[in-house]
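Structure at a glance
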Amino acid sequence: QGQNIKRIDEPLLVSEYGMLFGKDVDPQLIEDFNAFLAKCKEDGTLKKQEEKWFGLNDPADILSLDGMTGEKGKLLFAIEAAQRPFAFIMDGQFTGFDVELLILFAKAYGYQLEIADTSFAGLLTGIEQGKYDMGGSGVTITEERKETMTFSDPYHTEDIVVVVQGDGTIKRTLADFENATLGVIDGSLYDGFSRKLFPNAQIDSYPSFNDLFQCVKQGKIDGFLLDIPNFQGNAAVNYTDRETPWTRIIEHKFFEF
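Residues numbered from 1 in each chain as written. Predicted model: local features only at pLDDT ≥ 70, side-chain atom pairs only at ≥ 80, totals over all residues. Heavy atoms only, no water.

The subject of this paragraph is the overall build of the chain. The helix and strand inventory of the chain stands at eight helices and 13 strands. Out of the 257 residues belonging to the chain, those deemed buried represent 52%. Long-range pairs, those at least 24 residues apart, make up 75% of the contacts in the chain between residues at least 6 apart in sequence. Only carbon and sulfur atoms are counted for the fraction: they give 45% of the accessible area of the chain, which is about 12000 Å². (Helix = DSSP H or I, 4+ residues; strand = E, 2+ residues; numbered from the N terminus. Buried < 20%, exposed > 50% of the residue type's maximum accessible area, 1.4 Å probe, protein only. Contact = heavy atoms within 4.5 Å. Areas by Shrake-Rupley, 256 points an atom, 1.4 Å probe, with all protein chains shown as cover.)

For the rest of this paragraph, the subject is the sheet that holds strand β7 (residues 134–135). Read across the open sheet, the five strands follow the order β6-β3-β7-β2-β8; overall the sheet is mixed. Taken across any chain shown, the strands that pair with only one partner, and hence form the sheet edges, are β6 (112–117) and β8 (150–151). With two bridges connecting them, strand β2 (residues 20–21) and β7 associate as antiparallel partners. In the strand pairing of β7, F21 is matched with M134. (Pairing = 2+ DSSP bridges.)

This paragraph deals with helix α1 (residues 27–43). Here α1 contains 17 residues, and its C-alpha end-to-end distance of 25 Å stays within 8% of the 24 Å for a straight helix at 1.5 Å per residue. Those residues of α1 that fall on the buried side of the exposure criterion are L29, I30, D32, F33, N34, F36, L37 and C40. Taken together, the buried residues of α1 touch β2, α2 (45–53), β3 (74–79), α3 (97–109), β7 and β8. Between the side-chain oxygen of the N-cap and the backbone nitrogen of Q28 there are 2.9 Å, and the N-cap of α1 in question is D26. (Expected span 1.5 Å × (residues − 1). Polar contact = N/O pair within 3.5 Å; in protein donor to acceptor, adjacent residues only side chain to side chain.)

Counting residues in hydrophobic clusters, the biggest one holds 65 residues, and the most contacted among them are F33, L101, L113 and M134. If sequence neighbours within four positions are ignored, L113 has contacts with L65, M68, L75, F77, L102, I103 and A106. If you look at the next biggest cluster of nonpolar residues, it comprises 11 residues, including L124, Y132, V139 and M149. (Core = buried A, V, L, I, M, F, W, Y, C linked by side-chain atoms within 4.5 Å.)

What follows concerns the confidence of the model for the chain. Do not read the predicted coordinates in detail wherever pLDDT is low. On average, residues of the chain carry a pLDDT of 83, and 82% of them reach 70 or more. Every residue in residues 1–9 is under pLDDT 50, and counting partners more than four places away or in other chains gives 36 contacts. Contacts from residues 249–257, a stretch scored under 50 in pLDDT, to residues over four places away or in other chains number 37 contacts. (pLDDT = per-residue confidence, 0-100.)

What follows is about the packing of α1 against α3. Relative orientation of the contacting elements α1 and α3 amounts to 110°, with a least axis distance of 11 Å. It follows that α1 is roughly perpendicular to α3 by the angle criterion. On α3, the residues that touch L29, D32, F33, A35, F36 and L37 of α1 are L101, L102, L104, F105, A108 and Y109. Residues belonging to the contact of α1 with α3 are distributed by class as follows: 11 nonpolar, no polar and one charged. (Axes fitted to C-alpha atoms, helices over the stretch in contact; angles between N-to-C directions. Parallel < 35°, antiparallel > 145°, perpendicular 65-115°, else oblique. Nonpolar A, V, L, I, M, F, W, Y, C, P; charged D, E, K, R; others polar.)

Time to look at the packing of aromatic side chains. Within this structure, the stated rule accounts for 14 aromatic pairs. By the ring-pair criterion, three or more aromatic residues cluster together here, those being F21, F33, F36, F105, Y109 and Y111. (Phe/Tyr/Trp six-rings, centres within 6.5 Å; stacked < 30°, edge-to-face > 60°.)

Moving on to the pattern of salt bridges. Counted according to the given criterion, the structure contains seven salt bridges. For K146, the salt bridge is made with E143, and the minimal N-O distance between the two is 3.4 Å. Of this pair, K146 and E143 both sit in helix α5 (residues 143–146), three residues apart, which is roughly one turn of that helix. Judged by its relative accessible area of 42%, K146 falls in the partly exposed class. Relative accessible area serves as the criterion here: at 58%, E143 is assigned to the exposed category. (Salt bridge = Lys/Arg side-chain N within 4 Å of Asp/Glu carboxyl O.)

Attention now moves to the environment of F33. Here F33 lies in helix α1. Looking at F33, the relative accessible area reads 0%, which means it is buried. With 76 residues separating them in the primary sequence, F33 and Y109 have C-alpha atoms 8.8 Å apart. Excluding residues that lie within four positions of it along the chain, F33 makes contacts with M19, F21, L101, L102, F105, M134 and S152.

Below, the discussion takes up unusual backbone geometry. With an omega dihedral of 10°, the bond running from R84 to P85 counts as a cis peptide bond. Unusually for a residue other than glycine, D24 sits at a positive phi of about 65°. Tracing the backbone shows D24 in the loop between β2 and α1. Since its relative accessible area comes to 70%, D24 is described here as exposed.

So this is what it looks like as C-alpha cells:
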C-alpha cells in the first residue's frame, strides 16, 4: 500500500478477544453464542471475517441489520464505535468485525439486534451493571476482567505490537524503549501493559488512538502499544505523511501478570 509498514516477526504479547455478557443474562444466550462461535471456526466463517476486516482497506460490502426475525427477543449490544476495525461507523451505519459477528449470530439464532454506542469505560460499566445484554469492541480477555464480567469463548487471538515512526530500515528492539516516552490511553489495557513491561519509561496519557498516532508522527512520544487489527485500521485512516510512515516492532517477550 506504499506505507512501508515493517515488523519483527515475534510477538511482544499475545491477546485473546471475547464478547462480554451482561449481568444476569440468560445462560442459554452464552451457550448459544459459544456454540455459534464453534460452528464459525469449523466452517471457516471466522477466517473469512478476519480476512474481510483485518487488512489495510475497508471492505466493499457490509452486513445490515435487516432481516432479523426477533423470535427469541431483542439483544442490546454495546460497542464503542471508535474501535476500527472491530466497531465503527461506515456509510452511516455501525459495522466492523464484532458488529458483523453479532449480526450473523442474531440472524442465525432468531434475535433482534439493537446497538448502543458508548465509551469503552461505559461499555464495561454497563455490562457489569446489567445495562446491556452483550458488549464488544475488540475486548481483551484478562483474568482481572473475568473476576467481574462473563466472557464468551475467545473468537480471535492477536499479537500486541509497539507502534513507532519509521520505514523499518532502522532496526529497533524492545530494549530501545526501556527509558522511552510511551503514549497510552488512560485506564486502557495497553496503559497497564506499558507500565508493567517498561517500568522505567515515561508514560504520557492521551484520549484516543488517533492522538497517539499523531503524537508518534510529531515526535512527541517514542511509541505506544496496540494490537495488530487496531494498528492496521488506524494506520490506514491516520497515515497522511509519506515522509513519516509507521512501523510496528514485535519481539518475543512474554510476561505473566
